[in-house]
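Analysis of the macromolecular model
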Amino acid sequence: MNQPVPENHKSRVRNDLFDKRKGFDLGRPAIVFILWYFLKCIFFLSPLPWPARFKTFLLRLFGAKIGRGVYWKPRVNIHIPWNLTVGDFTWIGEEVCIINFAPVTIGAHGCISQRAFICSGNHDYRSPDMAYRHAPIVIEDGVWIGAGSFVGPGVTVGTDAVITAMSLANRSLPSGWVYGGQPCQPIRRRWPAE
């Protein structure tokens, strides 16, 4: 399938060689994914405030592990529910996007604020064919991910950490700190008495 590179092509990148089957397993038959996508469009991506319990029911039906009292705002985009775990009493804000080609675990009593982007999927920029390079994300208990923040593949955000709005977490962050910036840097301890 190697096609000749046109003479005027100066880049080493060859998207025409990308194989979507290499390095990625959906984990369920395609028909299950299609059914999920249809229901997601109606009940999750909708601006209507469908009941959180109903959304939790649908996610569990598709294999997600969802704790008690999880609150889902409208327009939440979850790509693969069977790769999602959310602990008890966590809040998921409006327009949160969870691209979970690898597992995403969100602990209990956390908050993922509006338009946060949790992305365990990636491509290997060092490979000319841009092969997949996915890695799990773990967001531990009591974490607050601020509005518009990005958490990337392979990142663990430690217990009680805070990522301020519009920040980039591209490496793991230890527990108990407030982080901000692009990339995230420690600002101060979350609990001043420590």
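Further up the page is the structure itself.
Residues numbered from 1 in each chain as written. Predicted model: local features only at pLDDT ≥ 70, side-chain atom pairs only at ≥ 80, totals over all residues. Heavy atoms only, no water.

1. With respect to helix H1 (residues 30-43)
Selection rule: Counting from the N terminus, the helices are DSSP H or I runs at least four residues long and the strands are E runs at least two residues long. To estimate how far a helix should reach, multiply one less than its number of residues by 1.5 Å. Note on classification: 1.4 Å probe, protein chains only; a residue is buried when its accessible area is under 20% of the maximum for its type, exposed when over 50%, partly exposed between these limits. Regarding the arc, it is the one traced by the directions from the helix axis to the C-beta atoms.
In this model H1 runs 20 Å from its N-terminal to its C-terminal C-alpha over 14 residues, within 8% of the 20 Å that 1.5 Å per residue would give. When H1 is considered as a whole, its buried residues turn out to be Trp36, Leu39, Lys40 and Phe43. For H1, the angular spread of the buried residues around the axis is 105°, confining them to a single face. Away from its buried face by more than 90 degrees, H1 exposes Ile31, Ile34 and Phe38.

2. With respect to the nonpolar core
To keep things clear, this is the line we draw: Definition used in this section: a nonpolar core is a set of buried Ala, Val, Leu, Ile, Met, Phe, Trp, Tyr and Cys residues joined via side-chain atoms within 4.5 Å.
Membership of the largest hydrophobic core comes to 40 residues, with the highest contact counts inside it found for Trp72 and Leu84. When contributions to this core are tallied by element, the ones reaching two or more residues are H1, helix H2 (52-61), strand E4 (84-86), strand E7 (104-106) and strand E10 (137-139).

3. With respect to the environment of Gly152
Note the cut-off: Contacts were defined at the residue level, with two residues in contact if any of their heavy atoms lie within 4.5 Å.
Relative to the elements of secondary structure, Gly152 occurs in the loop between strand E12 (150-151) and strand E13 (156-157). Among the residues examined, Gly152 registers a relative accessible area of 2% and is labelled buried. Each C-alpha atom of the pair Gly152 and Asn15 lies 22 Å from the other, and the pair is 137 residues apart in sequence. Leaving out residues up to four positions away in the same chain, Gly152 has contacts with Cys119, Ile137 and Ala169.

4. Examining the packing of aromatic side chains
Using the following cut-off: Only Phe, Tyr and Trp rings take part, Trp by its six-membered ring, and two of them pair if their centres are within 6.5 Å. Stacked means planes under 30 degrees apart, edge-to-face means over 60, and tilted covers everything else.
Using the criterion set out here, one finds 12 aromatic pairs in the structure. Ring geometry for Phe24 versus Tyr132: centroids 5.5 Å apart, planes at 55°, classification tilted. Residue Phe24 is found in the segment before H1, and its partner Tyr132 is found in the loop between strand E9 (117-119) and E10; the two are separated by 108 residues along the sequence. Take Phe24: its relative accessible area is 23%, and that puts it in the partly exposed class. Relative to Trp72, the ring of Phe44 lies with its centre 6.4 Å away and its plane at 80°, an arrangement referred to as edge-to-face. Placement of the pair is Phe44 in the loop between H1 and H2 and Trp72 in strand E2 (residues 71-72), with a sequence separation of 28 residues.

5. Some points on the pattern of salt bridges
Heads up, the rule is: When a carboxyl oxygen of Asp or Glu lies within 4 Å of a side-chain nitrogen of Lys or Arg, that pair is called a salt bridge.
Tallied over the full model, the rule gives 9 salt bridges. Linking Arg68 and Asp88 is a salt bridge whose minimum nitrogen-to-oxygen distance equals 3.4 Å. Note that Arg68 is positioned in the loop between strand E1 (65-66) and E2 and Asp88 in the loop between E4 and strand E5 (91-92), a separation of 20 residues in sequence. Exposure remark for Asp88: the relative accessible area of 24% places this residue in the partly exposed category. Note that Asp124 and Arg126 form a salt bridge whose closest N and O atoms lie 3.0 Å from each other. With a relative accessible area of 17%, Asp124 lands in the buried category.

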